[in-house]
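The lines below spell out each chain.
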Amino acid sequence: MEKQNSAAILLLKQATTLNIHTGNLVNWSRLKKKCPSSTSEELQGCIGQTLSEWCTKIAPTLEKEAPSTLECTLTQATEAITPEEREELKVSVKLFLSGSDPASIRIAVDLACSTLGVSQLDSVMIAPPPLPEGVSLTLEHLQPYWEELENLLQSHKIAAIGTSDLDKPLLEQLYTWAQVKPSSNQVNLASCCVMPPDLTAFAKEYDIQLLTHNDTKELITETSFQESVSEGVKDAVVANWSLEWVLRYSIIVKSRGIIKSKGYLVQAKRIRS
């Protein structure tokens, strides 16, 4: 085990991009032992446990290759969708951005499609990068990310696009400006126990689906991410790893409304010192 952990430390040191895929959490007996109190806690636990198990399965050939992009995936927990069952399933995604580069949206969507074995995601909801304390989200902040989503929709990589935590004025501004209108908007009921009436009225008038969620404002901080990596790979140098995005997916059986599969894809970049 110590030798495998040393190999993981070396691979992390040589890599510049880190991709983590938890596999299907529905099949994770490890999570059932301790029910996480929040999605943030769930994600942190998943990152640490995925890396910990990945460490035990590092092939000697990987050590020799020393790839610049490190794929930390539990292959036995990954279930690609077959063409025969695709029509019966809905693939929904929420993308939490940490970095400010809109191009990361395309990278995340492409990776999700290839990982899940699909050519198109049914819906993608975006959570823009956290802003500094005291700075409010504006249309100008949203526009570059929304344009990237529109491009992906027009190239048939996504069927529908949505937003997260927009109040009525900002949702109206986005709707008026956007070429492709938002099909949905998620609202955190922790911040408002009842849907705001003005938001409800606007969404009804323009056929925007209002959904609820319980995600924290920042799903995982950079510090928490680095702590999770160090839990999975003991003694690894983690301070120079910067989180780019977290993608959470769920695959639902349309006819039965049950979750067949859900999981996380995470990407981080190593900051050159």
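For clarity, every value in this text was computed on a predicted model and none was experimentally measured.

Definitions and cut-offs
Residues numbered from 1 in each chain as written. Predicted model: local features only at pLDDT ≥ 70, side-chain atom pairs only at ≥ 80, totals over all residues. Heavy atoms only, no water. Helix = DSSP H or I, 4+ residues; strand = E, 2+ residues; numbered from the N terminus. Rg over C-alpha atoms; globule rule 2.2 N^0.38 Å. Buried < 20%, exposed > 50% of the residue type's maximum accessible area, 1.4 Å probe, protein only. Contact = heavy atoms within 4.5 Å. Areas by Shrake-Rupley, 256 points an atom, 1.4 Å probe, with all protein chains shown as cover. Lys, Arg positive; Asp, Glu negative; His and termini not counted. Charge placed at Lys NZ, Arg CZ, Asp CG, Glu CD. Pairing = 2+ DSSP bridges. Axes fitted to C-alpha atoms, helices over the stretch in contact; angles between N-to-C directions. Phe/Tyr/Trp six-rings, centres within 6.5 Å; stacked < 30°, edge-to-face > 60°. Lys NZ or Arg CZ within 6 Å of the ring centre and 35° of its normal. Polar contact = N/O pair within 3.5 Å; in protein donor to acceptor, adjacent residues only side chain to side chain. Parallel < 35°, antiparallel > 145°, perpendicular 65-115°, else oblique. Left-handed = near helix turned anticlockwise from the far one by under 90°. Nonpolar A, V, L, I, M, F, W, Y, C, P; charged D, E, K, R; others polar.

*Asks:* Any chance you could break down the overall build of the protein for me, citing the residues and the numbers?
*Replies:* The helix and strand tally for the protein stands at nine helices and nine strands. On C-alpha atoms alone, the protein measures out to a radius of gyration of 19 Å, which is about the 19 Å that the 2.2 N^0.38 rule sets for 273 residues. Dimensions of the protein, computed from the C-alpha atoms along their principal axes, are close to 60 × 45 × 40 Å. Taken over 273 residues, the protein has a buried fraction of 47%. Partitioning the intrachain contacts of the protein with sequence separation of at least 6 by distance along the chain shows that 73% fall at a separation of at least 24. Carbon together with sulfur atoms contributes 52% to the accessible area of the protein, which is approximately 13,700 Å² in total. Side-chain charges of the protein comprise 26 positive and 33 negative groups, with the mean position of each set lying 6 Å from the other.

*Asks:* Hey, could you go over the sheet that holds strand 3 (residues 89-97) for me, with residue numbers and the actual values?
*Replies:* Strand order in this open sheet of nine strands is 2-1-9-8-3-4-5-6-7, and the pairing throughout is mixed. For this open sheet the edge positions go to strand 2 (69-73) and strand 7 (209-213), each flanked by a neighbour on one side alone. Sheet twist, expressed as the mean angle between neighbouring strand axes with direction ignored, is 20 degrees. Bridge analysis of strand 4 (residues 123-127) against strand 5 (residues 161-164) gives two bridges, and the strand direction is parallel. Looking across to strand 5, one finds that valine 124 is bridged to isoleucine 161. Against the sheet, helix 9 (residues 222-232) makes contact with strand 1 (17-21), strand 8 (241-253) and strand 9 (258-270), and its axis sits at roughly 80 degrees relative to strand 8, the strand it touches most.

*Asks:* Outline the packing of aromatic side chains, listing residues and values.
*Replies:* As enumerated under the stated definition, the model contains three aromatic pairs in all. With centroids separated by 4.7 Å and ring planes inclined at 40 degrees, the aromatic side chains of phenylalanine 202 and tyrosine 206 adopt a geometry described as tilted. Taken together, Tyr175, Phe202 and Tyr206 form an aromatic cluster joined through their ring pairs. Sitting over the face of the ring of tyrosine 175, lysine 181 holds its NZ or CZ atom 5.1 Å from the ring centroid.

*Asks:* I'd like a rundown of the environment of proline 36, residues and numbers included.
*Replies:* When you line up the elements, proline 36 lands in the loop between helix 2 (29-33) and helix 3 (39-55). Once the C-alpha coordinates of proline 36 and phenylalanine 202 are considered, the two residues, 166 residues apart in sequence, prove to be 35 Å apart.

*Asks:* Before we move on, could you go through the side chain of glutamine 267 and cite the residues and values that matter?
*Replies:* As for its placement among the helices and strands, glutamine 267 is situated in strand 9. Reaching out from glutamine 267, the side chain makes a polar contact with the side chain of asparagine 19 at a distance of 2.8 Å. Excluding residues that lie within four positions of it along the chain, glutamine 267 makes contacts with Thr17, Leu18, Asn19, Ile107, Leu243, Glu244 and Trp245.

*Asks:* Tell me about the packing of helix 6 (residues 139-154) against helix 7 (residues 168-177), residues and numbers included.
*Replies:* Running from amino to carboxyl end, helix 6 crosses helix 7 at an angle of 45 degrees, the nearest separation of the two axes being 11 Å. Considering the angle they form, helix 6 stands oblique to helix 7. In the crossing of helix 6 with helix 7, the sense of the turn from one axis to the other is right-handed. Only Leu170, Gln173, Leu174 and Trp177 of helix 7 make contact with helix 6, whose side of the interface consists of Leu139, Leu142, Gln143, Trp146 and Glu147. Considering only residue class, the contact of helix 6 with helix 7 consists of six nonpolar, two polar and one charged.

Scope: geometric values only; no functional claims are made or implied.
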